[in-house]
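Inside the fold
Read off the chains here:
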Amino acid sequence: MLEMQGIYKTYLPGTVNETRLFCNLFLKVPKGQFVSVVGSNGSGKTSLLNIICGQTRPDSGWVMLYGQDISKEKEHRRYARVGRVYQNPAMGTCGGMTLLENISLADNKGHGYGLTPGTVKARIPYYKSLLARLHLGLEDKLYMRAEALSGGQRQAMALLMATMTPISFLILDEHTAALDPKTAEVIMKLTNELVREKQLATLMVTHNLRHAAAYGDRLLMFDAGKIVQDIQGGEKAALKAEDVFALFTRLGAGYGG
Amino acid sequence: MNMVIGVLEQGFIYALLAMGVLITYRILDFPDLTVDSSFPLGAAISAVLTLNGTPPALTLPIALLAGGAAGLITGLIHVKCGVRDLLSGIITMTALYSVNLRVAGRANLPIYAGDTLFLNEWTRGFPPWLAPYSKLIIILFIVALVKIILDLFLKTKAGYLLRAVGDNPSVVAALNKDGGYVKIQGLMIANAFCALAGAVMCQHQRFFDISMGTGTLVTGLASVIIGLNMFSKLPRLKNTLAVIAGSILYKACVSAALSLGLAPTDLRLITAALFLVILILGKTRVRKVKPHA
């Protein structure tokens, strides 16, 4: 599924601020696996996601999706099979467009954006049913602009749009970090439902150790560009938030929780 | 009465330009200075072709295509060469100044002699009571056509994508689409409209002048900002109609200032001063996605 081999990345090479982040990083995520990624700031979590999505070029190494090398592909090409939800809820939707327009755009992903009507009227009941599943009352707000939504509603929309069309890999970049605790729970539950239902291989970067422990089949802990913990299977299932926290403190990462 | 008709004629011609600026400024969030040269480009082409015996109406689609090419150049400079948006427009604008002189052959090219879009066999056949409005009717027809086409386009999938790329480029990337191409498309459409406005203007005033492009962007922006601020609150009013109304209102303001005793040479000063007033009164809201934290 996703395979990263021999990834090297050094920021600001040749300067006093030179930071060597990844040194021969290797990561393999099999089909349908839900992976939580934790680590302190600067440990390389976001760089990892950016390398997968093509926003950051590694100095060397390969990124393979389905056994196909995508290291040279441009960012937008990679999103053909990858969905991404950002920390900032505003990143996943167009604020000035209505929910219906946003969802119509997402529904058409993978097809041409030509001169046919932007919204297919016959699809509206289907969109409503999708929105109703979010339990946020969005199905009655089809003609509202996305910018008028709350952070949680907008993130739910972003999640829906990212997973609407068939993708095989989902990237969640601290997607609950900007939400209040209650909304974060709602979005996290929703995420889990979607990931399981569509059997998406998922990389979820999070600062919420409880989420990292409670959700997913596997937990990766990053420290200074290295994977220092890789817990899966029964061990992961038995993992509690306190255990993750203990691992963190042992790193001396000084994690605030 | 003549003054009102004059304002309406001018206002509707500049409304074509305003619809172009609506695309770049409002939809794409791209400060496109190319319009200062694509407007006279359309005029130059229309003037030269008319003198060469091309039917005046046929010069309009040709001007439209030329404007699209101007937008394409700005788009390529910005997207492919990675030059900043404002500078890309300035480069094309500067280069086109010479191109416009080449096209027209000189800085001022009158077309008084022959028929024009507004003065031909067909318009001479208008009954006397309708004759004073003949220009206005023709302009209105063109504006309505462009408005309807633009409205329809913005409702298509391509139109949705165009709106999305100005609103939030990361959504377009997530849709597996190259936002750069969409931007280029938008710039082409916008400059095509501007060149069309220039061509119609040239037919209306019956001459091309190299300096007629100066301040085009300011006029277009003023129309868009007045239109959106004053009329977009009205329910169910499309942005295209709002900027057409804005264009007419703006031309009326300029015309009023002139009739208050200011000299025609003060025109650009009035244009700029009015624009400043509009900006201050309007305090245009900036809507942009905050960069990823």
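Model, not experiment: these values are computed from the prediction. (Residues numbered from 1 in each chain as written. Chains lettered and ligands numbered in written order. Predicted model: local features only at pLDDT ≥ 70, side-chain atom pairs only at ≥ 80, totals over all residues.)

1. Points about the overall build of chain B
Defined as follows: Each helix is a run of H or I in the DSSP string that is no shorter than four residues. Each strand is a run of E no shorter than two, and both are numbered from the N terminus. Here the radius of gyration uses the C-alpha set of atoms, whereas the globule reference equals 2.2 Å times the residue count to the power 0.38. Here a residue counts as buried when 20 or more other C-beta atoms fall within 10 Å of its C-beta, as exposed when 12 or fewer do, and as partly exposed in between; the C-beta atoms come from the backbone.
Counting its regular elements, chain B contains 12 helices and two strands. Computed over the C-alpha atoms, the radius of gyration of chain B is 19 Å, within 12% of the 19 Å expected from 2.2 N^0.38 for a compact globule of 293 residues. By principal-axis analysis of the C-alpha atoms, chain B measures approximately 65 × 40 × 35 Å. Across the 293 residues in chain B, those meeting the buried criterion constitute 50%.

2. Re the overall build of chain A
We apply this condition: The contact rule is simple: place each C-beta atom from the backbone, and if two of them lie within 7 Å, those residues are in contact.
Along its length, chain A carries nine helices and 10 strands. In terms of overall dimensions, chain A is globule-like: its C-alpha atoms have a radius of gyration of 19 Å, near the 18 Å expected for 257 residues. Dimensions along the principal axes, computed over C-alpha positions, put chain A at roughly 55 × 40 × 35 Å. Counting across all 257 residues of chain A, residues that qualify as buried make up 44%. Long-range contacts, defined as pairs at least 24 residues apart, comprise 70% of the intrachain contacts of chain A with a sequence gap of at least 6.

3. Quick look at the packing of helix 1 (residues 2-27) of chain B against helix 9 (residues 179-205) of chain B
All names here are of chain B. Put simply, the test is: Axis geometry follows a simple rule: fit a line to the C-alpha atoms, using only the stretch in contact for helices, then measure angles between N-to-C directions, giving values from 0 to 180 degrees. For this classification, under 35 degrees means roughly parallel, over 145 means roughly antiparallel, 65 to 115 means roughly perpendicular, and everything else is oblique. Handedness of each helix crossing follows the sense of rotation of the near helix against the far helix: counterclockwise by less than a right angle gives left-handed, clockwise gives right-handed. Classification used: nonpolar for Ala, Val, Leu, Ile, Met, Phe, Trp, Tyr, Cys and Pro, charged for Asp, Glu, Lys and Arg, polar for all others including Gly.
Viewed as axis vectors pointing N to C, helix 1 and helix 9 meet at an angle of 165°, and their least axial separation amounts to 8 Å. By the angle class used here, helix 1 and helix 9 are roughly antiparallel. Here helix 1 and helix 9 pass one another in a crossing that is left-handed. Here helix 1 contributes Glu-9, Ile-13, Tyr-14, Leu-16, Leu-17, Met-19, Gly-20, Val-21, Ile-23, Thr-24 and Ile-27 to the contact with helix 9, which in turn contributes Gly-186, Leu-187, Ile-189, Ala-190, Asn-191, Phe-193, Cys-194, Leu-196, Ala-197, Val-200, Met-201 and His-204. For the contact of helix 1 with helix 9, the per-class residue count stands at 17 nonpolar, five polar and one charged.

4. Some thoughts on the environment of Tyr-97 of chain B
Residue and element names in this part refer to chain B. Tracing the backbone through its elements, the reader meets Tyr-97 in helix 4 (residues 85-104). Look at Tyr-97 and you get partly exposed, because 17 C-beta atoms sit within 10 Å. Taking the C-alpha atoms as reference points, Tyr-97 and Ala-144, 47 residues apart in sequence, are found 30 Å from one another.

5. A look at the sheet that holds strand 9 (residues 218-223) of chain A
Residue and element names in this part refer to chain A. Definition in use: In this analysis, strands are considered paired if DSSP registers two or more bridges between them.
Strand order in the open sheet made by the six strands is 6-7-8-3-9-10, with mixed pairing throughout. Taken across any chain shown, the strands that pair with only one partner, and hence form the sheet edges, are strand 6 (82-85) and strand 10 (226-232). Going across the sheet, the axis of each strand differs from the next one's by a mean of 15°, ignoring polarity. Its contacts with the sheet put helix 5 (residues 151-163) on strand 6 and strand 7 (169-173), and the angle it makes with strand 6 is roughly 175°.

6. Some remarks on the packing of helix 5 of chain A against helix 6 (residues 181-198) of chain A
All names here are of chain A. Running from N to C, helix 5 and helix 6 cross one another at 10°; their axes reach a closest spacing of 10 Å. In this view, helix 5 runs roughly parallel relative to helix 6, as classed from their interaxial angle. Residues Gly-151, Gly-152, Gln-155, Ala-156, Leu-159 and Thr-163 of helix 5 touch helix 6, and the partners they reach there are Thr-183, Val-186, Ile-187, Leu-190, Thr-191, Leu-194 and Lys-198. For the contact of helix 5 with helix 6, a count of residues per class yields six nonpolar, six polar and one charged.

7. Notes on the interface of chain A and chain B
With 31 residues of chain A in contact, the opposing surface of chain B contributes 24 residues. Of all the secondary structure elements, the ones that give two or more residues to the side of chain A that touches chain B are helix 2 (75-78) and helix 3 (99-107) of chain A. Broken down by element, the side of chain A that touches chain B gets its largest block of residues, four residues, from helix 3 of chain A. Tallied by class, the residues present in the side of chain A that touches chain B amount to 13 nonpolar, 13 polar and five charged.

8. Remarks on helix 2 (residues 35-51) of chain B
Residue and element names in this part refer to chain B. Using the following cut-off: The span expected for a helix works out to 1.5 Å for each residue beyond the first.
An ideal rise of 1.5 Å per residue puts 24 Å on 17 residues; helix 2 measures up with 24 Å between its terminal C-alpha atoms. The buried fraction of helix 2 amounts to 15 of the 17 residues, a majority that puts the element mostly inside the structure. Where helix 2 ends, the next residue or the one after it, Gly-53, has phi of about 95°, a positive value.

9. A short note on the sheet that holds strand 1 (residues 2-11) of chain A
Residue and element names in this part refer to chain A. Strands sit in the order 2-1-4-5 across an open sheet of four strands; the sheet is antiparallel. Since the sheet does not close on itself, it has two edges, and those belong to strand 2 (19-29) and strand 5 (68-69), each with one partner. Strands strand 1, strand 2 and strand 4 (60-65) of the sheet are contacted by helix 1 (residues 45-53), whose axis makes an angle of about 115° with strand 1.

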